[in-house]
Structure formats: C-alpha cells, structure tokens
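Inside the fold
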Amino acid sequence: MNNFLKVSLLAAAVAVSLTACQKDEKTAANTAEVKAEASKPAEAPKADAKSFEEQSGYAIGLSMGRYIANTLERQQELGIKLDNSVILKGVTDGLGKEASMTDEEIQTVLQQYDAKINELTKAKSDKDAVDNQKKGEEYLAANAKKEGVKSTESGLQYLVEKMGTGAKPKATDIVKVHYTGTLTDGTKFDSSVDRGEPATFPLNQVIPGWTEGVQLMPVGSKFKFFLPSELAYGEHGAGSIPANAVLVFDVELLAIEKPAADGDKAKK
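For the structure given in this document, a descriptive report is provided here. (Residues numbered from 1 in each chain as written. Predicted model: local features only at pLDDT ≥ 70, side-chain atom pairs only at ≥ 80, totals over all residues. Heavy atoms only, no water.)

1. Focus on the overall build of the protein
As a reminder of what qualifies: For the purposes of this entry, the term helix denotes a DSSP run of H or I that reaches at least four residues, the term strand denotes a run of E that reaches at least two, and both are numbered from the N terminus. Categorising residues by exposure relies on relative accessible area from a 1.4 Å probe, with only protein chains included: less than 20% of the type maximum marks a residue as buried, more than 50% marks it as exposed, and the intermediate range marks it as partly exposed.
Along the protein, the regular secondary structure elements total eight helices and seven strands. Looking at the 268 residues of the protein, the share that counts as buried comes to 32%.

2. As for the pattern of salt bridges
Side chains carrying opposite charge are able to pair once their charged atoms draw close together. Put simply, the test is: The term salt bridge refers to a side-chain nitrogen of Lys or Arg lying within 4 Å of a carboxyl oxygen of Asp or Glu.
Evaluated as defined, the whole model comprises nine salt bridges. In this structure, Lys116 and Glu119 form a salt bridge, with 4.0 Å as the shortest nitrogen-oxygen distance. Taken together, the positions of Lys116 and Glu119, both in helix H6 (residues 103-143) and three residues apart, correspond to about one turn of that helix. Given the relative accessible area of 39%, Lys116 is considered partly exposed. The salt bridge involving Asp173 is made with Lys170; its shortest N-O contact spans 3.8 Å. Look at Lys170 and you get partly exposed, because its relative accessible area is 49%.

3. Comments concerning unusual backbone geometry
Even without glycine at this site, Lys97 takes up a positive phi of about 60°. By the element assignment, Lys97 lies in the loop between helix H5 (84-95) and H6. In this model, Asn244 sits at a positive phi of 60°, which is unusual for a non-glycine residue. Structurally, Asn244 can be placed in the loop between strand E6 (222-227) and strand E7 (247-259).

4. Observations regarding the side chain of Thr152
Worth spelling out the cut-off: Any pair of N or O atoms that falls within 3.5 Å is considered a polar contact. Within protein, one atom must be able to donate a hydrogen and the other to accept it, and sequence-neighbouring residues count only if both atoms are side-chain atoms. Only heavy atoms matter for contacts: two residues are in contact if any of them lie within 4.5 Å across the pair.
Summarising the element assignment, Thr152 is placed in the loop between strand E1 (149-151) and strand E2 (157-162). A polar atom in the side chain of Thr152 sits 2.8 Å from the side chain of Glu212. Not counting residues up to four positions away in its chain, the partners in contact with Thr152 are Tyr158, Glu212 and Leu216.

5. Describing helix H4 (residues 52-75)
The condition is simple: How far a helix is expected to stretch is found by multiplying one less than its residue total by 1.5 Å.
In this model, H4 (24 residues) spans 34 Å end to end at C-alpha, consistent with the 34 Å of a helix rising 1.5 Å per residue. Those residues of H4 that sit buried are Ile68, Thr71, Leu72 and Gln75.

6. Concerning the nonpolar core
General note: in soluble globular proteins, nonpolar side chains tend to be found buried as a group. Rule in force here: Side-chain atoms within 4.5 Å are what join buried Ala, Val, Leu, Ile, Met, Phe, Trp, Tyr and Cys residues into a set we call a nonpolar core.
Ranked by internal contacts, the top residues of the largest apolar core, which has 24 residues, are Val177, Trp210, Phe225, Leu227, Leu247, Phe249 and Val251. Residue contacts for Leu227: discarding those within four places in its chain leaves Leu156, Ile207, Gly209, Trp210, Ala232, Ala245, Val246, Leu247 and Phe249. By size, the runner-up hydrophobic cluster in this structure holds six residues, among which are Ile68, Leu72, Leu78 and Ile80.

7. Here's the deal with H5
An α-helical turn contains 3.6 residues, so any two residues separated by three or four positions project in the same direction. The condition that has to hold: Regarding the arc, it is the one traced by the directions from the helix axis to the C-beta atoms.
For H5, with twelve residues, the first-to-last C-alpha span of 17 Å sits near the 16 Å given by 1.5 Å per residue. Within H5, the full set of buried residues consists of Val91, Asp93 and Gly94. With its buried residues spanning 165° around the axis, H5 presents them on a single face. Of the exposed residues in H5, the ones pointing more than 90 degrees away from its buried face are Asn84, Leu88 and Thr92. Of the residues trailing H5, Lys97 is marked for its positive phi of about 60°.

8. Section: the pairing of E2
Convention followed: Being paired, for any two strands, means DSSP has found at least two bridges between them.
Bridging between E1 and E2 involves three bridges; their strand directions are antiparallel. Across the sheet, the residue bridging to Val149 is Leu159, located in E2. Connecting the antiparallel pair E1 and E2 is a turn made up of five residues, with Gly155 showing a positive phi of about 105°. As paired elements, E2 and E6 share five bridges and run antiparallel to each other. For Leu159, the partnering residue across the bridge sits in E6 and is Lys224.

9. Quick look at the packing of aromatic side chains
Quick reminder of the rule: Stacked, edge-to-face and tilted labels apply to pairs of Phe, Tyr and Trp rings (six-membered ring for Trp) whose centres lie within 6.5 Å, assigned for plane angles under 30 degrees, over 60, and everything in between, in that order.
Following the criterion strictly, the structure yields six aromatic pairs and no others. Taken together, a centroid distance of 5.7 Å and an interplanar angle of 5° make the contact between Tyr158 and Phe223 stacked. Of this pair, Tyr158 sits in strand E2 while Phe223 sits in strand E6; the two residues are 65 residues apart in sequence, bridging distant segments of the chain. A relative accessible area of 14% places Tyr158 in the buried class.

10. Some points on the pairing of strand E3 (residues 173-183)
In terms of residue burial, E3 counts as a mostly covered element, since ten of its eleven residues are buried. When E3 meets strand E4 (residues 188-191), the two strands line up antiparallel, connected through three bridges. Bridging across to E4, Thr180 finds its partner in Ser191. The hairpin turn running from E3 into E4, its antiparallel successor, is four residues long, and Gly186 in that turn takes a positive phi close to 95°.

Structure follows, in structure tokens:
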C-alpha cells in the first residue's frame, strides 16, 4: 500500500478565490478599475524579469499551480480527475472578479468535494489494510521456513547474523543501537546508520517487537527481526509505514547504557 496522503483542495481553492471574495466592501469605482485592468491581454512573463512585482507575481502563480497539480496527481489515485481548463477558468474568473457561482455555492461545492475525498480515502485505506494483512501473513509463513530463522511465541521472527558476547538487556534498560528499518519489499523508512548516529532509548518505550527482540541480543550482536504488524504499528500504521505492515529491522546492539528510571518507564 502506498501511504496515501489525504490533501483537500479546499485551501487551494480558497486561495484562488481570495481576490474575488475578500474585498467586496471596496467601492464600485475600485472594482471597475480592477476589472478594466484584468481585461487587458496578458503578457507572457519575461525570461529576464527582475522587478519585485514581476518576480512576486510569477512566484505566487507558480507555487499555486504546483500545489494544485501535486494535489490533483495524488487524488487521481482515488479516481477523481478534474479538467485543468476548468480550473484555469476558475482562476481567471477569480482574478477578474467574474464568477458563475455565489460565495455560498462555492463553499457548498468545496465541502462536498472534501467529503468525497474523505470517503474515497477511507475506502482505499481500508482495502489496503486488508491487502497488507494478507500479504504480511503470507510473507511471515514463507519466511519462517528459511534457514536460520527462528520464531517466538508472540510471532516475532529473527535471524542471528552475529552473536555477541556481552550482557543481554532487560526491558527496563536503556540501550544504544544501530538499526535500519524496511518494509518487506525493501523500502527503507528509517535508519540510524544513514544518519550516522546510534539511537539510544529505554527498551520499554518502543514497539513491542523491539522490546522483546532486543532482549534476546547480547551486546555486540547483530540480528535481523521480522515483526508482525501487531508487534509493530498495527492497523493504524505510522508516518510512511502502512497499516498492517510487516516490518524488517537490521539491529546491532552496541551497548547497555543504564537501567531506565522508574519515571521513564513507558507502555510496552
């Protein structure tokens, strides 16, 4: 599942219609002046435009266009396809203070659009979660048969790549580790190795698969862990981690720092 980012066009549309809706209290003379200016043929921006006004105007238009384009691209995954020419017509009408909708109609349509996006996003997320659950179960069933892979009662799977000779940590200890986390397709979502700095944390303040798995490791060990979703982030996922995703971690236990203070103990 792609972690679908739900973005409403409401903010963009409000920005587009700002000129038309924000200053209705201006005098008729000022409004007529704006209309007359807007009716003039548009000039293409100069490649060597240097003035504050030219650069600012172009930057505003470009950033708005990119925002709308990126939003529409993501929302096409849901089956919603808007016509660019219609969007541009709305922008032009807004800038020229022309409109075929009242402010109330604009608000109603945008609210309906937002509700539709929410509905389609939830349906996609629910389907992806079911698919991920099935794929995860199939992955773990096949992985458990691989040479060297061991399974615990909780469903955690692990592979010893290097067995250290130090002490094993307790759940209440603070540990220092290097790690890389990936999805089952190899997509990397986090890595202390890439950051160039080990992670240090109380072992009982992390996801259950980590709390259980790292306690199996003597200091100096390198293990690969395969976490069922219920030992990771479950049906909700986290950030770029999809719902019901099986996670794979390469972990090296560098040191046991000290026992965690009672006040630092967190949910297991």
